[in-house]
Amino acid sequence: PIVVQIDTVPLNAQIEITSAPAGLPDADALTVEFSGATPARFQRAEVYLRSAGLPAVNYRELCLQADGACIEQANLGSFFLCDAGAETPQDCVPPARQGVITMSETIQAVVFYAPNVDSPIEEDTVINLETNTESGRFTIRLVGVACRRVEEGDVCGRCGDGVVDP
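Residues numbered from 1 in each chain as written. Predicted model: local features only at pLDDT ≥ 70, side-chain atom pairs only at ≥ 80, totals over all residues. Heavy atoms only, no water.

Trainee: Run through the side chain of Thr133, naming residues and quoting values.
Mentor: Within the element layout of this structure, Thr133 appears in the loop between strand E11 (122–131) and strand E12 (137–145). Thr133 sits in the buried class, given a relative accessible area of 8%. Only 2.6 Å separates the side chain of Thr133 from the side chain of Thr131, close enough to count as a polar contact. (Helix = DSSP H or I, 4+ residues; strand = E, 2+ residues; numbered from the N terminus. Buried < 20%, exposed > 50% of the residue type's maximum accessible area, 1.4 Å probe, protein only. Polar contact = N/O pair within 3.5 Å; in protein donor to acceptor, adjacent residues only side chain to side chain.)

Trainee: Residue-level account of the packing of aromatic side chains, with values.
Mentor: For any pair of aromatic rings, the description rests on two quantities: the centre-to-centre distance and the angle between the ring planes. Overall, the coordinates contain four aromatic pairs when judged by the stated rule. Pairing Phe42 with Phe112 gives two aromatic rings, centres 5.3 Å apart and planes at 85°, and the pair type is edge-to-face. Residue Phe42 is found in the loop between strand E3 (29–34) and strand E4 (43–51), and its partner Phe112 is found in strand E10 (residues 106–113); the two are separated by 70 residues along the sequence. A relative accessible area of 33% means that Phe42 is categorised as partly exposed. For Phe112, a relative accessible area of 0% gives the class buried. (Phe/Tyr/Trp six-rings, centres within 6.5 Å; stacked < 30°, edge-to-face > 60°.)

Trainee: Could you give me a rundown of the state of the cysteines, with the residues and numbers involved?
Mentor: For the structure on display, the rule yields two disulfides. Linked covalently through their sulfurs, Cys63 and Cys70 form a disulfide whose S-S length is 1.7 Å. Look at Cys70 and you get partly exposed, because its relative accessible area is 22%. Each disulfide pairs two cysteine sulfurs, and for Cys82 the partner residue is Cys92, the sulfurs being separated by 2.1 Å. In this structure, the disulfide formed by Cys82 and Cys92 twists by about -110° around the S-S bond and is classed as left-handed. Here Cys92 lies in the loop between strand E8 (79–83) and strand E9 (99–101) and Cys82 lies in strand E8, a separation of 10 residues in the sequence. We note that Cys82, like Cys92, is buried. (Disulfide = S-S within 2.5 Å.)

Trainee: Tell me about empty space enclosed by the protein, residues and numbers included.
Mentor: A complete count under the given rule lists one cavity of 30 Å³ or more for this structure. Looking at the largest cavity, its volume works out to about 30 Å³. Around the largest cavity, the lining residues are Val47, Leu49, Leu62, Leu81, Ala109, Ile127 and Ile140. A per-class count over the lining of the largest cavity returns seven nonpolar, no polar and no charged. (1 Å grid on protein atoms, 1.4 Å probe; cavity = no way out; pocket = protein on both sides within 12 Å on 5 of 7 lines; lining within 4 Å. Points joined across faces, edges and corners; volume = space filled by probe spheres on them. Nonpolar A, V, L, I, M, F, W, Y, C, P; charged D, E, K, R; others polar.)

This is the structure:
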């Protein structure tokens with residue numbers, strides 16, 4: 001028998017991260033902006049993690065980050081990171097911090113921005129995601145700008161109705 005050696009490049013796991021509403025992608029980051037929440041009304045976004053290659057994506061540390069470390073809680077400031085089934089911040093259960101996404105599989109997490117009366121006008125935080133992909137680490141930056149009306153007729157982007165809320 002004739003033996004032919006074939007050299008192949010090892011396959012790397014690949015991940016595709018998107019959101020709805022659409023975030024702003026960067027090399028190893030995605031920025032999701034919230035600008036229509038009031039102290040009486042939250043905003044919701046969905047984040048999708050999809051295995052875009054042949055090998056499965058192993059992820060760990062899917063979490064909100066404070067001072068460079070993952071936190072155990074589902075919320076940080078006015079932001080909530082929840083499992084896919086959450087419809088409101090009150091329903092929030094943190095997603096699995098680690099797992100496997102097989103080829104072409106997508107998992108979903110939900111993010112809420114729910115400022116209260118005492119929240120800063122602008123807040124930001126990050127969701128950290130570590131994977132076995134070539135880049136290894138991915139960041140989802142969350143930016144929230146609370147809509148606060150102080151005079152009759154004030155309108156904040158698409159969230160204002162011109163009425164001053166308590």
